[in-house]
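The primary structure of each chain is shown beneath.
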Protein chains: 2
Amino acid sequence: MSYILQVDFKMEGPFGNEMVKEFTDLAKSINDEEGLIWKIWTEDSEAKEAGGIYLFETKESACKYLTMHTARLNGFGIEKVNGKIFEVNEGLTSINHGPSK
Amino acid sequence: MSYILQVDFKMEGPFGNEMVKEFTDLAKSINDEEGLIWKIWTEDSEAKEAGGIYLFETKESACKYLTMHTARLNGFGIEKVNGKIFEVNEGLTSINHGPSK
């Protein structure tokens, strides 16, 4: 069983290649987070929003990460963080080739 | 370049194995949607919410799908559909082993 964490928030930037430069070290550290399987980094430079789609091994590890990450974003001056955790429905996901492991 | 579509909404059920039975045919049809690479089916039986994380080849195909899917959900009696489309930041996503293709 695995769990999706979806997070998004308003952000002034950087986006694209500048975002890569700014957050490479942070991305490397995320690989050490308990229960993390993968993260997809998301961005919308027009709407000035960014976020991430994460896959975790357990609901507890997803919850713990969301609490920590929300506090970190608050520290960056980002006040409103949208975060939701869902269980993956493996049967339907496998039909649509979804990467759930 | 690829695009994430994240969708969630309130739903009374079914969840789990019953959800698989109910939506297997729909899942199969989703593989034929223009530009779709994969879909992860998400659910939260306690909060009575469900949704999906989709990867699309283009922003246009993600937008087109979201419009169609919102109308379909409205037809199921689901009035409020949360849907957002983001570009994938490939550089950071590759560091975190994210499945962006």
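Everything below is about the structure printed above this text.
Just so we're clear, the structure is a prediction, and the values are computed from it rather than from any experiment.

(A) Broad picture of the relation of the copies chain B and chain A. Structural alignment of chain B on chain A gives an RMSD of 0.0 Å, achieved by rotating through 180° and translating 0.0 Å along the axis. These values place the two chain copies in the arrangement generated by a two-fold rotation axis. Distance from the rotation axis, computed per C-alpha, reaches its smallest value in chain B at B:Pro99: 3.4 Å. With an isologous cut-off of 70% or more, the 100% of interface residues of chain B that recur at the interface of chain A puts this contact in the isologous class.

(B) Representation of the interface of chain B and chain A in the model. With 38 residues of chain B in contact, the opposing surface of chain A contributes 38 residues. Surface buried jointly by chain B and chain A totals about 3500 Å² across both partners, of which 58% is contributed by carbon and sulfur atoms. Per-residue buried area on chain B facing chain A is highest for B:Phe86, B:Leu92 and B:Asn96; these three make up 19% of the total on that side. Run the count over chain B and chain A and you get four salt bridges. Here chain B and chain A share 26 residue pairs in polar contact (both at pLDDT 80 or more) between them. Elements that contribute at least two residues to the side of chain B that touches chain A include exactly strand E1 (3-10), helix H1 (16-30), strand E2 (36-44), strand E3 (49-56), strand E4 (82-88) and helix H3 (90-95) of chain B.

(C) Structural view of the pattern of salt bridges. One pass over the full model with this rule turns up eight salt bridges over all chains. Among the salt bridges present, the one from A:Glu34 reaches A:Lys64, with a minimum N-O distance of 3.0 Å. In this pair, A:Glu34 sits in the loop between helix H1 (16-30) and strand E2 (36-44) while A:Lys64 sits in helix H2 (residues 59-75), placing the two residues 30 residues apart along the sequence. Across this residue pair, the class does not change: A:Glu34 and A:Lys64 are exposed. What emerges from the salt-bridge pattern is a single network uniting A:Asp8, A:Glu49 and B:Lys84.

(D) Highlighting helix H2 (residues 59-75) of chain B. All names here are of chain B. Helix length check: H2, at 17 residues, gives a terminal C-alpha distance of 24 Å against a target of 24 Å (1.5 Å per residue), a fit within 8%. Where H2 is buried, its residues contact E1, H1, E3 and E4. Of the residues flanking the end of H2, it is glycine 77, one or two places downstream, whose phi is positive at about 95°.

(E) Here's a closer look at the pairing of E2(B). In terms of burial, E2(B) is largely enclosed, as eight of its nine residues are buried. Sheet topology places strand E4 (residues 82-88) of chain A next to E2(B); two bridges connect them, and they run antiparallel. Residue pairing in the sheet places A:Val88 in a bridge with B:Thr42 of E2(B). Strand direction decides the pairing type here: E2(B) and E3(B), joined by eight bridges, are antiparallel. Paired with B:Lys39 across the bridge in E3(B) is B:Tyr54. Linkage of E2(B) to E3(B), two consecutive antiparallel strands, is achieved through a turn of four residues, within which B:Lys48 is found at a positive phi near 55°.

(F) Representation of the sheet that holds strand E1 (residues 3-10) of chain A within the structure. The strand order around the closed barrel built from eight strands is E1(A)-E3(A)-E2(A)-E4(B)-E1(B)-E3(B)-E2(B)-E4(A), with neighbouring strands paired in antiparallel fashion. This sheet shows a mean twist of 35° between the axes of neighbouring strands, independent of strand direction. Each of E1, strand E3 (49-56) and E4 of chain A is contacted by H2(A), which is oriented at about 15° to E1(A), the strand it contacts most. Lying on the sheet, H2(B) is in contact with E1, E3 and E4 of chain B; it crosses E1(B) at an angle near 15°.

Definitions and cut-offs
The residue numbers shown here count from 1 along each chain, following its written sequence. Here the convention is simple: chains get letters from A, ligands get numbers from 1, in the order in which they are written. Only residues with pLDDT of 70 or above have their local features reported here, since the model is predicted, and side-chain atom pairs are shown and tallied only from 80 upward, although totals for entire chains, interfaces and linings are computed over all residues. Computation of side-chain values covers all heavy atoms of the structure but excludes hydrogens and water. Fitting of the copies onto one another was done by least squares over C-alpha atoms, counting residues only where both copies have pLDDT of at least 70. Any two residues whose heavy atoms approach within 4.5 Å are treated as being in contact. Buried area is a sum: the accessible area each of two parts loses on coming together, probed at 1.4 Å, counted once for each and added. Whenever Lys or Arg places a side-chain nitrogen within 4 Å of a carboxyl oxygen from Asp or Glu, that contact is recorded as a salt bridge. Two N or O atoms count as a polar contact when they lie within 3.5 Å, although within protein this holds only if one can serve as hydrogen donor and the other as acceptor, and sequence-adjacent residues are included solely when both atoms are side-chain atoms. Put simply, DSSP marks the helices as runs of H or I at least four residues long and the strands as runs of E at least two long, and each gets a number from the N terminus on. For every residue, the accessible area (1.4 Å probe, protein chains only) is compared with the maximum for its type, and the residue is labelled buried under 20%, exposed over 50%, or partly exposed between those bounds. Expected helix span is computed as 1.5 Å times (number of residues minus one). Pairs of strands are assigned from DSSP output, requiring at least two bridges between the strands. Interaxial angle, 0 to 180 degrees, is taken between N-to-C directions of lines fitted to C-alpha atoms, where a helix line uses only the stretch in contact.

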